[in-house]
Amino acid sequence: MTSATTEHPTGYALLHNPRLNKGTAFTEAERRAYGLEGLLPPAITNTELQVARRHAEIANLDDDLQKYLVLSDLQARNETLFYSVLMSDPATYMPLVYTPTVGEACQKFAHIFREARGMYLPISARGRVREILSNWPEKDVRFIVVTDGERILGLGDLGAGGMGIPLGKLALYTACAGVPPQYCLPVVLDVGTNNQQLLDDPLYLGLRQNRVRGEEYTAFVEEFVTAVQALYPKCCIQWEDFANINAVPILARYRDKICTYNDDIQGTAGIALAGIFAALRITGQKITDQRLLFLGGGSAGTGIAELISQAMALEGMDIREARGRNALFDINGLLVSSRTDLADFQKPFAQDRAPVSTFVDAVKAVRPTGIIGVSTVPKLFNREVIEAMSEINERPIIFPYSNPTSRSECTAVFATEATRVTEEMFIVAAKAVAEQVTEENLSIGLIYPPQSRILDASLHVAERVAAYIFDKGLARVPRPDDIGSLIRARAYRAVYPE
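> Please clarify how the overall build of the protein chain should be interpreted in this entry.
Scanning the protein chain from N- to C-terminus turns up 22 helices and 10 strands. Here the C-alpha atoms of the protein chain give a radius of gyration of 23 Å, agreeing with the 23 Å that 2.2 N^0.38 yields for 498 residues. In terms of its C-alpha atoms, the protein chain occupies a principal-axis envelope of roughly 75 × 55 × 50 Å. Counting every position in the protein chain, which comprises 498 residues, the buried fraction comes to 55%. Total accessible area on the protein chain is roughly 22,000 Å²; 51% of this is exposed by carbon and sulfur atoms.

Right, here's the structure in full:
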């Protein structure tokens, strides 16, 4: 990777610079000018032929992890071509660079490791985080996706192997939302792992110690946030796949201080709310008519429940009444007020009713209009549950959101210079996603825009959210005359640099 201040590389150095490398697409003039003659086959090909070559290579592979590795190697070799491939067919390639394939990649991270990408910040380097972070070659970072690897998808503690998540998520930032890749930085905060299988694996690449907890952990996260603010003052920090015990307090600590959000708590909530808004166009109901029951009472479930409650409140409903229309069910049954094991973030959603120990009985007791799965336990939306929902509702809303696919209950991002990320922004984004679902989409059961046009959908959402940011005085730049045109002009396009 080359920063803007580095002299333009030539020869082999240019061919090994992923951001500038064009491979066989270098013209004859460029080959002469940059000392590439003889280093490439003589034929000159365009981007379309290069993409077709990669399509054919990947299509001939039977194993998704092998496809993931081919794409990963391509990203490390030729960044523009990598994004050209992804953006040429998002529906095919998104499941390969992110979930579900990324889950297996994280599990096998130490055994498939090829070359370093992103930043690893070990807690053993406390006191030197800013110094280490400054080794990143790009000096204008706008988005950081960071994990501590403790709760990777539904797969649990994968330690340093969790790096696959920030890498994959930021690839989607670029391919699906047009964020220029030079603005993106994947980070792992390595505080150890409690996964004994990893600790016993001689190939494991992270700190070989149990996880650090308590004040030392909190201080390490604070040092990281402080370093980011100092080095990258325009940066938004996205927290990804932290365990509930850390995810909830980290978001509470920083959400009103810096530009930050937690994808598992707020991002998933925005997508869920978008699905509900679209589904309501089918049922003809209002959001304030809904009663939702969640399978899973962790940070994702409470995050979705809170955003739905806030959306109901915007329609005039009292917030306490709104929260009462969102019930949660976890391993110990329905969250009811008589339970003594509830965390503080769960208590606003405790139901004032008798305990219920099975999910199907919870469906019969709560009589929800929709059920939302965020449990990471597969196949819990079984036939009995679906039949119970169908008896209560003519058109029940059923969302199995756990990932990867193997953990499913049954078989979006914006780029703008905001000082804060508020709950209302996710509601605005959800409505913007839902309004792009056409009547034709709805008629065949689609409640989200098709993946084939995900970039256009993301830019539409970005325009709506940006307008809200300017309206609320949260922007760090003057309001442009045409927000949509500016966003589209700034969006990344997979075109070779001149």
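After that view of the structure, there is still more to cover.
> Please clarify how the packing of aromatic side chains should be interpreted in this entry.
Enumeration according to the criterion identifies 10 aromatic pairs in this entry. Both rings, one in tryptophan 239 and one in phenylalanine 242, keep their centres 5.6 Å apart while their planes meet at 75°; by these two values the pair is edge-to-face. Pair check on accessibility: tryptophan 239 and phenylalanine 242 agree, each one buried. Between phenylalanine 329 and phenylalanine 359, the aromatic rings sit 5.5 Å apart at their centres with planes inclined by 80°, giving edge-to-face as the arrangement. Highlighted residues: phenylalanine 329 in strand S7 (residues 326–330) and phenylalanine 359 in helix H17 (residues 359–366), separated in sequence by 30 residues. Neither phenylalanine 329 nor phenylalanine 359 differs from the other in exposure class; each is buried. By the ring-pair criterion, three or more aromatic residues cluster together here, those being Phe224, Trp239, Phe242 and Tyr254. Over the aromatic face of tyrosine 183 sits the side chain of arginine 142, whose NZ or CZ is 4.7 Å from the ring centroid.

> Just to check I follow, could you spell out unusual backbone geometry for this structure?
Excluding glycine, residues mostly have negative phi values, and the peptide bonds linking residues are mostly trans. Look at the link from threonine 99 to proline 100: it is a cis peptide, with omega at 15°. Along the polypeptide, proline 100 turns up in the loop between helix H6 (90–97) and helix H7 (101–107). Even without being a glycine, leucine 153 presents a positive backbone phi close to 50°. Take leucine 153: it is sitting in the loop between strand S2 (143–147) and helix H10 (164–177).

> I would appreciate a short explanation of the packing of helix H19 (residues 423–434) against helix H21 (residues 454–471) in the present structure.
Two quantities define a packed helix pair, namely the angle between the axes and the distance from one axis to the other. At a closest axis distance of 9 Å, the pairing of H19 and H21 adopts a crossing angle of 145°. Two packed elements cross with a definite hand, and for H19 against H21 that hand is right-handed. Two secondary-structure elements touch here, H19 through Glu424, Met425, Val428, Ala429, Ala432 and Val433 and H21 through His460, Val461, Arg464, Val465, Tyr468 and Ile469.

> Help me understand the environment of lysine 234, please; the structure alone is not making it clear to me.
Here lysine 234 lies in the loop between helix H12 (214–231) and strand S4 (236–239). Put simply, lysine 234 and asparagine 326 are 92 residues apart on the chain and 36 Å apart in space, counted from C-alpha to C-alpha.

> Is there a simple way to explain the sheet that holds S7 in this structure?
What holds strands together in a sheet is hydrogen bonding between their backbones, with the strands either parallel or antiparallel. Strand order across the open sheet formed by five strands is S8-S7-S6-S9-S10, with mixed pairing between neighbours. Bordering the open sheet on either side are strand S8 (333–334) and strand S10 (397–400), each of which pairs with just one other strand. With four bridges connecting them, strand S6 (residues 292–295) and strand S9 (residues 370–373) associate as parallel partners. By the bridge assignment for S9, leucine 292 is matched with glycine 370. Contacting S6, S7 and S9, helix H15 (residues 299–314) runs over the sheet at an angle of about 175° to S7.

> How should I be thinking about the sheet that holds strand S1 (residues 119–122) in this particular structure?
On the basis of which strands lie adjacent, the open sheet formed by five strands has the order S1-S3-S2-S4-S5 and parallel pairing. For this open sheet the edge positions go to S1 and strand S5 (260–262), each flanked by a neighbour on one side alone. Across the sheet, the mean angle from the axis of one strand to that of its neighbour is 20°, orientation sign disregarded. Both S1 and strand S3 (residues 184–190) contribute to a ladder of four bridges, which runs parallel. Paired with methionine 119 across the strands is valine 187, a residue of S3. Against the sheet, H12 engages S1, S2, S3 and S4, with an angle of about 150° to S4.

> Help me understand the nonpolar core, please; the structure alone is not making it clear to me.
Soluble globular proteins: nonpolar side chains tend toward being buried together. One finds Leu273, Ile287, Phe294, Ile304, Ile308, Ile372 and Met425 to be the most contacted residues of the largest nonpolar core, which totals 57 residues. Those elements that provide at least two residues to this core are S2, H10, helix H14 (263–283), S6, H15, S10, H19 and H21. Counting residues per element, this core draws most heavily on H14, at nine residues. Here phenylalanine 294 is in contact with Gly301, Ile304, Ala305, Ile308, Asn326, Ala327, Leu328, Phe329, Phe359 and Ile372, once residues within four sequence places are set aside.

> Can you walk me through the packing of helix H3 (residues 47–59) against helix H4 (residues 64–77) in this structure?
Between H3 and H4, the least distance of the axes is 9 Å, while the angle of their chain directions is 150°. Of the possible angle classes, the one that applies to H3 and H4 is roughly antiparallel. The handedness of the crossing between H3 and H4 is right-handed. In this structure, H3 uses Arg54, Glu57 and Ile58 to contact H4, whose residues at the interface are Lys67, Val70, Leu71, Leu74 and Arg77. Classifying every residue of the contact of H3 with H4 gives four nonpolar, no polar and four charged.

> Is there a simple way to think about the state of the cysteines in this case?
Defined simply, a disulfide is a covalent bond joining two cysteines at their sulfur atoms. Counted under the stated rule, the structure contains zero disulfides. We note that cysteine 106 lacks a disulfide partner, and the nearest cysteine sulfur, in cysteine 176, lies 17 Å from it. Residue classification places cysteine 106 among the buried residues on the basis of a relative accessible area of 3%.

> I keep staring at the pairing of S3 and nothing clicks. Help me out?
Within S3, seven of the seven residues are buried, leaving the element largely enclosed by the surrounding structure. Burial along S3 is two-sided: the face carrying Cys184, Pro186, Val188 and Asp190 and the face carrying Leu185, Val187 and Leu189 are both buried. Here five bridges tie S2 to S3, and the two strands are oriented parallel to one another. Pairing of valine 146 across the sheet is with valine 187, part of S3. Traced from S2 through H10 to S3, the parallel crossover comes out right-handed.

> Sorry, what's going on with the environment of arginine 476 here?
Locating arginine 476 in the fold gives a position in the loop between H21 and helix H22 (483–490). You can call arginine 476 partly exposed: its relative accessible area is 34%. Residues arginine 476 and isoleucine 447 lie 29 residues apart in sequence; the distance between their C-alpha atoms is 34 Å. Here proline 233 takes part through its backbone oxygen, which lies 3.0 Å from a polar atom of the side chain of arginine 476.

What counts, and where the lines are drawn
Residues numbered from 1 in each chain as written. Predicted model: local features only at pLDDT ≥ 70, side-chain atom pairs only at ≥ 80, totals over all residues. Heavy atoms only, no water. Helix = DSSP H or I, 4+ residues; strand = E, 2+ residues; numbered from the N terminus. Rg over C-alpha atoms; globule rule 2.2 N^0.38 Å. Buried < 20%, exposed > 50% of the residue type's maximum accessible area, 1.4 Å probe, protein only. Areas by Shrake-Rupley, 256 points an atom, 1.4 Å probe, with all protein chains shown as cover. Phe/Tyr/Trp six-rings, centres within 6.5 Å; stacked < 30°, edge-to-face > 60°. Lys NZ or Arg CZ within 6 Å of the ring centre and 35° of its normal. Axes fitted to C-alpha atoms, helices over the stretch in contact; angles between N-to-C directions. Left-handed = near helix turned anticlockwise from the far one by under 90°. Contact = heavy atoms within 4.5 Å. Pairing = 2+ DSSP bridges. Core = buried A, V, L, I, M, F, W, Y, C linked by side-chain atoms within 4.5 Å. Parallel < 35°, antiparallel > 145°, perpendicular 65-115°, else oblique. Nonpolar A, V, L, I, M, F, W, Y, C, P; charged D, E, K, R; others polar. Disulfide = S-S within 2.5 Å. Right-handed = clockwise from strand over helix to strand, strands pointing away. Polar contact = N/O pair within 3.5 Å; in protein donor to acceptor, adjacent residues only side chain to side chain.

By themselves, these are just geometric observations and shouldn't be taken as functional.
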